[in-house]
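# Coordinates in review
Below, each chain spelled out in residue letters.
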Amino acid sequence: MTTELPADIQSSSSEIQTDKPSSNWLPPGLALQKVDERIMTLNVGPQHPGSGHMRLIVQIDGDYIVACDPDPGYVHRGEEKMAEYRNYITNIPHLERPVIHDSCNMLYPYVLGVEELLGIEVPERAKYVRVIAAELNRCIYIMYWLAIYGIFLGHSTMFMWPTGDRELLIDLMEKMTGARVTHSHFIPGGVRNDLPANFEEVCLRQVNYFEKRIKEYAAVFYDNPILISRTQNTGVLSRQDAIRLGVTGSVLRASGIDFDVRKKEPYDVYDELDIQSIVMTEGDAYARSKIPWLDMMDSCNIIRQALQKMPKSGSVRVKLKPNPKGKGLDTVYKRVESGRGSLGCYIVSDGKPEPYRLKLSVPSFRNLIALPYLLKGEKLGNMPSVYWSLNYWPVEADR
Amino acid sequence: MLKDLLTPETANVFVGKLGDILEKAIGKPLGYAINWGRIWSLWPVHIETACCSVEFGAASSPRYDIERFGIIEAFGSLRQCDLVVVQGTITRKMAPRLRLVYDQMPEPKYVIAMGACAITGGLYFDSYNVLPGIDGILPVDVYVPGCPPRPETLIQGCLLLQEKIKRMKARTIV
Amino acid sequence: MSSDSNKPVEEKPETKPVVKKPEEKSVELPKFEKDISDKIVEKFGDKVEVAFVKKDRVGINVSRENVHDVAEFIRDGLNYDHVESVSGVDYPQDNEIAVVYHIGSYSDPTLARQLLVLSTRAQREENPIPGNDATRLPTLRDIFYSVEFHEREIFEMFGVYFEGHPDNRRLLLPEDWADIPPLRKDFAIKGR
C-alpha cells in the first residue's frame, strides 16, 4: 500500500479550507473566501434542477470547476438519535424512511443485526422471501435513479420509461407487502406476511417482462451518442483512488474492484444463489451509470433463482416476545448490499429494549467523499452527470 | 346635477367610485377567466425537501401523468413557478431556504403540503432538527396526507387546489 | 425446490455460533480472525486490548495516544485500506466518548469478509465547548482518507475534535445550531 495521498486529493481540499483554528464552527460556504478575480463562486442548490436536496458550493474558472465543497444536511432528521428512544420493533418504520424506494434493503442490516443480538434463527422460507423483496426493491430504486439521471442529462424519454416500468415492480411489492414504497416488511425473525396466493407466477411473469423491457434502454440511452459524449471520460475515478476514498457500490465496481457484499459476505441465502457482480474498469460516469442497469438484469436473474429454490410452504416468521431485549452489553455490525452499495448498521445494545446507540453507515455518505475530487477540473456542464452517477441519495446521506 | 357634484375636490372620489362600479361589473367574470387560465398551468418549483419527492416523481410518470390535470412537471427556474409542493420533512436547515424560495416566486403562488412530515412533523415529530409542520413558515393551501401519499392522493390534492383557485379572488384586475 | 434439502443443512451451523451462548464461543474462536488479533497484540503488546473476536469481526480497543500507530500498522501490516464507518458512542457513566472505526479491505480478497473494529475513547466534558475543550483525538485522515466526512460528522454530533484534521467544519447540522452536540446522551429530545 502506498502511504502518501495523491497530490490531486490534497490540493482539492486544501484550497477550500481555511487554516485558522477559529473557523472550526463556521458554516460551510463562509470558508470559501480566498477568491481572486478570475474565480467565481457558484451556489448550486438546494433549489436547482441538478442538485436535489443538497447544496454544492462550486468555484469555477471560466467553464472549469476549480473546487467543490458539498454541503449536505438539508434532510438531517436525527434518525440515530430517535432510534435510541424507540424499542427494536418500533424502530422499523422510521429506519426505512431514509430511502423509501429501497426500504427493504434499508431495513435489512438493522433486522439482521437485531436478529443476531436477540439470537433469533429465521425460517428458511422467510430468507427467500426477503431476498426476493430486496432484489425487487433494488430494481425499483435503480429505476428511479435512472429516471432522475435522465432528467439531469435533459433526456426526457429516460425519465418517462423507467418511471413507467418501475410501476410494474411496485405493483408486485404492493401485492406482497400492501404498501407502494414504505413496506416495513422485514421484521426481526422473518417477514411480516407470507406471500399472497399465486404470487410466484405473477412475479415470474412481471420480472420476465421487466427484463425484456429494460434491455430496450440500451438503444435509447446507453448507446446514445449524446449520452456517451457527455459521460465518457467524465469524472474518472481510478482504482487506487477508489480504494483510498473508500467508495462503495456501483462507484467502486465501475473502477475495477470486484466487491459486492452479497458475494463477499453472503447474508441470508445469497450464498446459494448465483450472483454475478458486474465490474467495469473505466471508472468514468458512463461506467458508473451502466453498472446499476446491468445490476438490474442480474437482480432479475436472482429473483428467478430464488423463486425456484424457495420452499413452497412453511412459516415466514418466528414469534417474538412482546418487547425483545438484547442480552447485556453487545455490539453488532451487519452490512448488506443495497441499491447504492454496502450499507452497514452498527448497533450497541446494553440489555434494554431500546438500542443504546444505532449508527447507519450509509453508502451515499461514503460516496460523497469522492465528489470534490471528481469534479475538480471538470466542465460545469458535466456537474450533474458526475454528481448523480455517484449513486447518491441525499436523504440517505443526511439520515 | 352631476356637473355640480363633479368639482375638482371630489373628482378623485368619483374616480374611485367608478373603479368600484367597474370592478363590480366586470371583476367577477374577468377574475373567473383569469383564475381559469391559472389552474391549467400550475408550475411546481423544483425543490425537493425529503423522501416524498419519490412519489412526486412517480406522479409525473406515465401511469399517473399529473400533467393531464394541468400540473406541469417540476422544471425550470422558480421565477416562472407559482406552486410550491413541499415534499416532506422540512428540517431546520432547509426552512430558511424554503421561505427564501417562496419569497422569490412571483404572485400569485400556492402551497401544497405533501406528506405527514410537512403537515405535523409526522414520524419525526420528536426529532431535534425537524419543524413540526410548515404552517409556521408558509401559508398552506392544501394538505395532502400520507406517508408518503400515493400519487393518486397527490393528484386529488392538486384538483382540490384547482377548485380552490377557481373560487379565489383574482387580484389586481382594475 | 430440488436443492433445498442438502444445502441449508450445511449453512445453518455456520450462522449459529455467533448468536449462541458465550461459553461455546470462547472454545472455538475463529482461526483467521484470531490470527489477525494475534498479529496486532504481538506488535503492540499491552497497549492494545482485544475486545472480541467473532466471525468476520475483530474488535480492538486502543487508548487515544496509540490509535494513530495502531491504525498505521493496520493499514501497512495487515492490508486494510478503507474505513466503512466511524461511529461515536457516548458513555456518560465512564466520562468518555468512544469513537469506533470499522475498517475493511478492498485490495486484499482474503480480507473481504473481515471488518476490523478499532475503538478508542476520548475524554468527555460535562459542559462541552466543541473544538475548545479536552475532547480530542488524533485524526486518522492521513492514514485512511475515507474518514474525512465521517470525522466531521463525529465532531458536530459528539464534539470530538480531531487534531490534525484539515477541515473540521460543520457538516449536517444547521448553521445556527447553538445547543450541545445532539448525539450525546445528555441532549434530550423534546417530549421524551
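Residues numbered from 1 in each chain as written. Chains lettered and ligands numbered in written order. Predicted model: local features only at pLDDT ≥ 70, side-chain atom pairs only at ≥ 80, totals over all residues.

## A few points about the nonpolar core
Membership of the largest hydrophobic core comes to 216 residues, with the highest contact counts inside it found for A:Ala370, B:Val86, B:Ile112, B:Ala113, B:Met114, C:Leu118 and C:Val160. The greatest single-element share of this core, amounting to 21 residues, is contributed by helix H5 (residues 124-152) of chain A. Setting aside residues no more than four positions away along its own chain, B:Ile112 makes contact with B:Leu83, B:Val85, B:Val86, B:Asp141, B:Val142, B:Val144, B:Gly157 and B:Leu161. (Core = buried A, V, L, I, M, F, W, Y, C linked by C-beta atoms within 7 Å. Buried ≥ 20, exposed ≤ 12 C-beta atoms within 10 Å, placed from the backbone. Helix = DSSP H or I, 4+ residues; strand = E, 2+ residues; numbered from the N terminus. Contact = placed C-beta atoms within 7 Å.)

## Describing the interface of chain A and chain B
Of the residues lining the interface, 28 residues belong to chain A; the matching set on chain B comes to 32 residues. Elements that contribute at least two residues to the side of chain A that touches chain B include exactly helix H2 (79-83), helix H3 (91-95), H5 and helix H6 (157-177) of chain A. Considering each element in turn, the side of chain A that touches chain B owes the most residues, 4 residues, to H6(A). In terms of residue class, the side of chain A that touches chain B is made up of 12 nonpolar, 11 polar and 5 charged. (Nonpolar A, V, L, I, M, F, W, Y, C, P; charged D, E, K, R; others polar.)

## Considerations on the sheet that holds strand S6 (residues 329-337) of chain A
Residue and element names in this part refer to chain A. Strand order in the open sheet formed by 3 strands is S6-S7-S8, and the pairing between neighbours is antiparallel. Either end of the sheet is taken by a strand with one partner, and the two such strands are S6 and strand S8 (357-361). When the angles between neighbouring strand axes are averaged without regard to direction, this sheet yields 10 degrees. As judged from the 9 bridges shared by S6 and strand S7 (residues 342-350), these two strands associate in the antiparallel manner. Looking at S7, one finds that Asp330 is bridged to Ser349. Across the sheet, helix H4 (residues 103-118) is in contact with S6 and S7; its angle to S6 comes to roughly 145 degrees. (Pairing = 2+ DSSP bridges. Axes fitted to C-alpha atoms, helices over the stretch in contact; angles between N-to-C directions.)

## Describing the environment of C:Glu96
All names here are of chain C. Looking at the element boundaries, Glu96 is found in strand S4 (residues 96-104). Separated by 34 residues in sequence, Glu96 and Val62 have C-alpha atoms that sit 13 Å apart. When residues no more than four places from it in sequence are discounted, the contact partners of Glu96 are Tyr91, Arg121, Ala122, Gln123 and Arg124.

## Some points on the packing of helix H3 (residues 31-44) of chain C against helix H4 (residues 67-78) of chain C
Residues and elements named next belong to chain C. It is at 11 Å that the axes of H3 and H4 come closest, and there the two elements cross at 125 degrees. The angle between the axes of H3 and H4 places the two elements in the oblique class. Once H3 is placed against H4, the crossing between them reads as right-handed. Together, Ile36, Lys39, Ile40, Lys43 and Phe44 of H3 and Val70, Phe73, Gly77 and Leu78 of H4 make up the contact between the two elements. Across the contact of H3 with H4, the residue classes break down as 6 nonpolar, 1 polar and 2 charged. (Parallel < 35°, antiparallel > 145°, perpendicular 65-115°, else oblique. Left-handed = near helix turned anticlockwise from the far one by under 90°.)

## Structural notes on the domain arrangement of chain B
Split by domain assignment, chain B resolves into domain 1 (7-38) and domain 2 (41-167). Its C-alpha centre places domain 1 of chain B at a distance of 34 Å from the equivalent point of domain 2 of chain B. (Domains from an automatic or database assignment.)

## With respect to the pairing of S7(A)
Residues and elements named next belong to chain A. By the criterion of burial, S7 is predominantly enclosed, with 8 of the 9 residues buried. Linking S6 to S7, which pair antiparallel, is a turn of 4 residues; within it Gly341 sits at a positive phi near 145 degrees. If you look at the hairpin formed by S7 and S8, you'll find 6 residues sitting between the two strands, and Gly351 has a positive phi there, around 85 degrees.

## Describing the pairing of strand S3 (residues 64-71) of chain A
All names here are of chain A. Counting buried residues in S3 gives 7 out of 8 residues, a clear majority hidden from the surface. Judged from the 7 bridges that link them, strand S2 (residues 55-61) and S3 form a sheet pairing that is antiparallel. By the bridge assignment for S3, Gln59 is matched with Ala67. Joining the antiparallel neighbours S2 and S3 is a turn of 2 residues, in which Gly62 adopts a positive phi near 65 degrees.

## As for the domain arrangement of chain A
All names here are of chain A. Domain assignment breaks chain A into domain 1 (7-71) and domain 2 (79-398). Between the C-alpha centres of domain 1 and domain 2 the distance comes to 30 Å. Listed as interface residues are 17 residues of domain 1 and, on the opposing side, 15 residues of domain 2. Those elements that place two or more of their residues in the side of domain 1 that touches domain 2 are helix H1 (7-14), S2 and S3. Examining the composition of the side of domain 1 that touches domain 2, we find that 6 residues originate from one element, S3, more than from any other. Of the residues contributing to the side of domain 1 that touches domain 2, the split by class is 9 nonpolar, 5 polar and 3 charged.

## Considering the sheet that holds strand S1 (residues 48-54) of chain C
Residue and element names in this part refer to chain C. As summarised here, the arrangement of the 5 strands in space is S1-S2-S5-S4-S3, forming an open sheet in which the pairing is mixed. The open sheet has two edge strands with one neighbour each: S1 and strand S3 (82-91). Mean inter-strand twist for the sheet, computed between neighbouring axes without regard to direction, equals 20 degrees. Looking at chain direction, strand S2 (residues 57-62) and strand S5 (residues 115-123) are connected through 6 bridges and run parallel. By the bridge assignment, Gly59 is partnered in S5 with Val117. The strands touched by H3 are S1 and S2; relative to S1, the strand with the most contacts, the crossing angle is about 180 degrees.

## Describing unusual backbone geometry
In the segment running from B:Cys147 into B:Pro148, the intervening peptide bond is cis, with an omega of -10 degrees. Mapped onto the secondary structure, B:Pro148 falls in the loop between strand S3 (142-144) and helix H6 (151-167). One non-glycine residue, A:Asp268, lies in the positive phi region at around 45 degrees. Tracing the sequence through the fold places A:Asp268 in the loop between helix H12 (261-264) and helix H13 (285-309). On the basis of neighbour count, A:Asp268 is assigned to the buried category, with 22 C-beta atoms found within 10 Å. The backbone phi angle of A:Asn391 is positive, close to 60 degrees, even though this residue is not glycine.

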